[in-house]
Structure formats: structure tokens, C-alpha cells
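Examination of the molecular architecture
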Amino acid sequence: MTAEQQDVARPRGARMPRRERRVQLLESALEVFVAQGYHAAAMDDIAERAGVSKPVLYQHFPSKLDLYLALLEQSCTAIIDNCRQALESTEDNRQRVDATMKVFYEYVANDSGAFRLVFESDLTNEPAVREQVERVTTECADIIARVIHGDTGLPDEAARLLAVSLVGMAQVSARFWLSETAGIDRQQAADLVSRLAWRGIRGYPRSDDQPVD
């Protein structure tokens, strides 16, 4: 949908239920924050984008930071939930690695550009923002570490280190792919990194596969 079409779809003054209005405001804020960054974005811009008055916007979000944090929390939760679903979708660890890598590649490739709030925020000096951004690595790694620990019997600390490494590989490579490797399509890129990750993590076999002395 073009900007002109969106403006038509959001007539100023149109009434809607509070929950729907909140969703609409978050969608409009995402467009503005992704395009302008936190510091350059203004509540006036967001209100205009949503087709509402500033008082209506402030009824839902008392400040620009509150609005940004609500949007950031929503974006971070989406990644974490998708990571959890990927791991729960199968008990085949090769497929788990594939599915988890694809979560990050699909996220950065999404047309909304929401990943820029999470991975390229210009407000990481704000503790509440930094906490949300770090939550992606922490909670995704926790989910993966539980699988590694349960399958291999490795100590929690070792399982967590491996899990953080996998999350870091997925996150950094996906962002690099989006900005630097236009000649490789998303599926191919995710497959390449997935194979790399699998060749490493399969070196820690399931505990019930290890030979008995």
C-alpha cells in the first residue's frame, strides 16, 4: 500500500475502538521511526501519519519514549516468539537450526523495517531501550540453551555460550546479508549460514548417542 493509499485509509477524526487505535498508532509510529530514527521523529509526524490529533496520540502514549518502547517491546517479543516456535516445530535438530536461522533472515527482510528498531536503534544509551534490545539475545539464547543442555548434557554455562553464539551468528549475518549481499537471495543466504551453524553444533551430539564406556 502506498503512502497516499494509507492516508486515504486513515481519515482524520475517524473513530475506532481503543485497541484498534493503539494498533494503528503503533503502525504509524513504526513507519516514522524507521524512516527518521528516534531523535529526528516528532510526535507531530506520527499523529499526522496516523490521521489523528496530538491529544489523541498522547491519550495512548504519554511521550515519544513511551511510544518507542511500546513499539520496541512488540518487535522484540515477535522475534523471541518466532524463535520459540521454530524450535518447537520439530525435534530434528538439523531442522531446528534451519528454522531458527530463517527467523532472523525473515525478520530483517520484512518490509516494515522493524528490525532497525531492535538491531540499529539510535537510542541504546537509554537503559529501557538497551534492556529490550538485549532481551532478544538473552531470551532467544535461553530457549536454545535449554535444547542444547537437554540434548547434550553439557553444563548450563557451556550450553548458554553455544546458544548465544548461534543467536549472534544469525543476527549479524542476517543484517550483513541485507546490507551487503544483494546477489544472494534470502533463502540461499539462510541456508548457507544454517549449514555453517549445523556443522559446528553437531559436534556436540545428543547425550544418548554418545558411546558407553
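Residues numbered from 1 in each chain as written. Predicted model: local features only at pLDDT ≥ 70, side-chain atom pairs only at ≥ 80, totals over all residues. Heavy atoms only, no water.

**Some thoughts on the packing of helix 2 (residues 18-36) against helix 3 (residues 43-50)**
Two elements in contact, helix 2 and helix 3, have axes whose closest approach is 9 Å; the angle formed by their N-to-C orientations is 125°. Relative to helix 3, helix 2 is oriented oblique. For the pair helix 2 and helix 3, the sense of crossing is right-handed. On helix 3, the residues that touch Arg21, Gln24, Leu25, Ser28, Ala29, Glu31, Val32, Phe33 and Gln36 of helix 2 are Asp45, Ile46, Arg49 and Ala50. Looking at the contact of helix 2 with helix 3 residue by residue, the classes come out as six nonpolar, three polar and four charged. (Axes fitted to C-alpha atoms, helices over the stretch in contact; angles between N-to-C directions. Helix = DSSP H or I, 4+ residues; strand = E, 2+ residues; numbered from the N terminus. Parallel < 35°, antiparallel > 145°, perpendicular 65-115°, else oblique. Left-handed = near helix turned anticlockwise from the far one by under 90°. Contact = heavy atoms within 4.5 Å. Nonpolar A, V, L, I, M, F, W, Y, C, P; charged D, E, K, R; others polar.)

**Looking at the side chain of threonine 100**
Within the secondary structure, threonine 100 is located in helix 6 (residues 93-109). Residue classification places threonine 100 among the buried positions, given a relative accessible area of 9%. Reaching out from threonine 100, the side chain makes a polar contact with the backbone oxygen of arginine 96 at a distance of 2.8 Å. (Buried < 20%, exposed > 50% of the residue type's maximum accessible area, 1.4 Å probe, protein only. Polar contact = N/O pair within 3.5 Å; in protein donor to acceptor, adjacent residues only side chain to side chain.)

**Things to note about the UniProt feature "DNA-binding region" (unreviewed entry) in the protein**
What UniProt calls "DNA-binding region" (unreviewed entry) maps, in this numbering, to residues 42-61. The straight-line gap between the two end C-alpha atoms of residues 42-61 is 13 Å; of that span, 75% is helix and 0% is strand. (UniProt positions renumbered as here; feature names shortened; annotations may be inferred.)

**Comments concerning the pattern of salt bridges**
The final tally for this structure, using the stated rule, is eight salt bridges. Among the ionic pairs, arginine 49 bridges to glutamate 31, the shortest N-O distance being 2.5 Å. In this pair, arginine 49 is assigned in helix 3 and glutamate 31 in helix 2, connecting sequence segments 18 residues apart. Residue class for arginine 49 comes out buried when judged on its relative accessible area of 17%. Between aspartate 44 and lysine 54 there is a salt bridge; the shortest N-O distance is 3.4 Å. Taken as a pair, aspartate 44 in helix 3 and lysine 54 in helix 4 (residues 54-60) lie far apart in primary sequence, 10 residues in all. Judged by relative accessible area, which is 43%, aspartate 44 ranks as partly exposed. (Salt bridge = Lys/Arg side-chain N within 4 Å of Asp/Glu carboxyl O.)

**A few points about the layout of surface pockets**
Taken as a whole, the largest pocket spans an internal volume of roughly 300 Å³. Lining the largest pocket are 18 residues; nearest its centre among them are Asn93, Val97, Ile148, Trp198 and Ile201. Among the elements of the structure, helix 6, helix 8 (127-152) and helix 10 (186-201) are those that each provide at least two residues to the lining of the largest pocket. The residue inventory of the lining of the largest pocket, partitioned by class, reads 11 nonpolar, three polar and four charged. (1 Å grid on protein atoms, 1.4 Å probe; cavity = no way out; pocket = protein on both sides within 12 Å on 5 of 7 lines; lining within 4 Å. Points joined across faces, edges and corners; volume = space filled by probe spheres on them.)

**Comments concerning the environment of threonine 138**
With respect to the element layout, threonine 138 can be found in helix 8. Taking relative accessible area as the criterion, threonine 138 reaches 32% and is therefore assigned partly exposed. As for threonine 138 and isoleucine 80, which are separated by 58 residues in sequence, their C-alpha atoms are 9.5 Å apart.

**Notes on the packing of aromatic side chains**
Here the distance between the centres and the angle between the planes together describe a pair of aromatic rings. Per the stated rule, a full pass over the model turns up five aromatic pairs. Ring plane angle 90° and centroid distance 5.0 Å describe the contact between phenylalanine 33 and tyrosine 68, whose orientation is recorded as edge-to-face. With a gap of 35 residues between them, phenylalanine 33 in helix 2 and tyrosine 68 in helix 5 (residues 64-88) connect regions that are remote in the sequence. With a relative accessible area of 3%, phenylalanine 33 lands in the buried category. Assessed through its relative accessible area of 1%, tyrosine 68 is described here as buried. Between tyrosine 38 and tyrosine 68, the aromatic rings sit 5.0 Å apart at their centres with planes inclined by 75°, giving edge-to-face as the arrangement. Placement of tyrosine 38 in the loop between helix 2 and helix 3 and of tyrosine 68 in helix 5 is noted, with a sequence separation of 30 residues between them. Each member of the pair, tyrosine 38 together with tyrosine 68, is buried. A cation over an aromatic ring shows up here: lysine 64 above the ring of tyrosine 38, its NZ or CZ 4.4 Å from the ring centre. (Phe/Tyr/Trp six-rings, centres within 6.5 Å; stacked < 30°, edge-to-face > 60°. Lys NZ or Arg CZ within 6 Å of the ring centre and 35° of its normal.)

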